[in-house]
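Chain by chain, the residues run as shown.
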Amino acid sequence: MRISGAVILVALGACAPTEKGDCSPKNCIGCCDSTGVCQPGASTTSCGAGGFNCRVCSAGLRCVAQGRCETDPNAITGTGGGAAGSGPSGGGGPTLEAWQQEYVDAHNTARRVATPAPSPALPQVGWSAEAAAFARLGADRCIFEHRSQNQYGENLHASTAESTPTDIVEAWDSEKAQYTYATNRCSGVCGHYTQVVWRGSVGIGCATARCTTNSPFGNGAWWLTACNYTPPGNYVGQKPY
């Protein structure tokens, strides 16, 4: 976890009941109770203390707070388990939205200036629809902590004002000042940086949610961003490259 002013970062995110999104991937069947556990529900059934009606969203949509459906940003990126192509750097994959491309570009910029310079150079990352879907589920929880899972690497970022993808990745990248490659040790927090430049993590997916509860800043609205990485990095005892 990193705290700097009104920004907090967590390397590896509870919401008030009325702010919970859907627990079940893709189809919005079921909803969250007050502890974030998915419970079964029908189109007109309130779920536990969740305070919203469960419903089924049509293709290309996802369920959000109070059971509303909105466009699913992950639906446009296609399928497949690896890193999806991303514009000029992705080699002919599906076209990404501007904010998705910005995450890809910011990560690749950080990887190009990793210190010390990797040899050979680090491969570029691309957008992973699966990692992005997992990041969306994490961000929508509005819980600033890592989930228990091992299929993805994960960086978290919390702030009191919405940050750009570039700002977020640059904040993670700035931790390299606290990382000594020769000894593979941190003088402070550096786990976000090492995940960003982890050689084997070539698929990324990120999502941001505006939250109104469980704020790590005390009160008021805040923004939680989750970026997930595949294959995962930050293995204990291993250098990132």
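Attention here is on the structure that accompanies the text. As the structure is a computational prediction, the values presented were derived from the model and not from experiment.

### Some words on helix α1 (residues 98-112)
With 15 residues, α1 extends 21 Å between its outermost C-alpha atoms, agreeing within 8% with the 21 Å of an ideal straight helix rising 1.5 Å per residue. For α1, every residue scored as buried is listed here: Gln100, Gln101, Tyr103, Val104, Ala106, His107, Asn108, Ala110 and Arg111. Those residues of α1 hidden inside the fold are in contact with β7 (126-127), α3 (165-173), α4 (191-196), β11 (203-211) and β12 (222-230).

### Here's the deal with the packing of aromatic side chains
Within the structure shown, the criterion is met by 8 aromatic pairs. Centroid distance tryptophan 99 to tryptophan 127: 5.6 Å. Interplanar angle 90°. Geometry classified as edge-to-face. Of this pair, tryptophan 99 sits in helix α1 while tryptophan 127 sits in strand β7, and the two are 28 residues apart along the sequence. Relative accessible area serves as the criterion here: at 0%, tryptophan 127 is assigned to the buried category. The structure contains a cluster of three or more aromatic residues connected by ring pairs, namely Tyr179, Tyr181, Tyr193 and Tyr241.

### Digging into the pairing of β11
Counting buried positions along β11 yields 7 of 9 residues, so the element is predominantly enclosed. With 2 bridges joining them, β7 and β11 adopt parallel strand pairing. Along β11, the bridge assignment pairs tryptophan 127 with isoleucine 204. Examined bridge by bridge, β11 and β12 share 9 bridges and lie antiparallel to one another. Opposite cysteine 211, over in β12, you have tryptophan 222 as the bridge partner.

### Describing the pairing of β12
Within β12, 9 of the 9 residues are buried, leaving the element largely enclosed by the surrounding structure. Side chains Trp222, Leu224, Ala226, Asn228 and Thr230 project from β12 onto one buried face, and the interleaved Trp223, Thr225, Cys227 and Tyr229 project onto a second face that is buried too. For strand β8 (residues 153-159) and β12, the ladder comprises 7 bridges, and the chain directions are antiparallel. Bridge pairing in β12 places asparagine 155 opposite cysteine 227.

Conventions adopted
- Residues numbered from 1 in each chain as written.
- Predicted model: local features only at pLDDT ≥ 70, side-chain atom pairs only at ≥ 80, totals over all residues.
- Heavy atoms only, no water.
- Helix = DSSP H or I, 4+ residues; strand = E, 2+ residues; numbered from the N terminus.
- Expected span 1.5 Å × (residues − 1).
- Buried < 20%, exposed > 50% of the residue type's maximum accessible area, 1.4 Å probe, protein only.
- Contact = heavy atoms within 4.5 Å.
- Phe/Tyr/Trp six-rings, centres within 6.5 Å; stacked < 30°, edge-to-face > 60°.
- Pairing = 2+ DSSP bridges.

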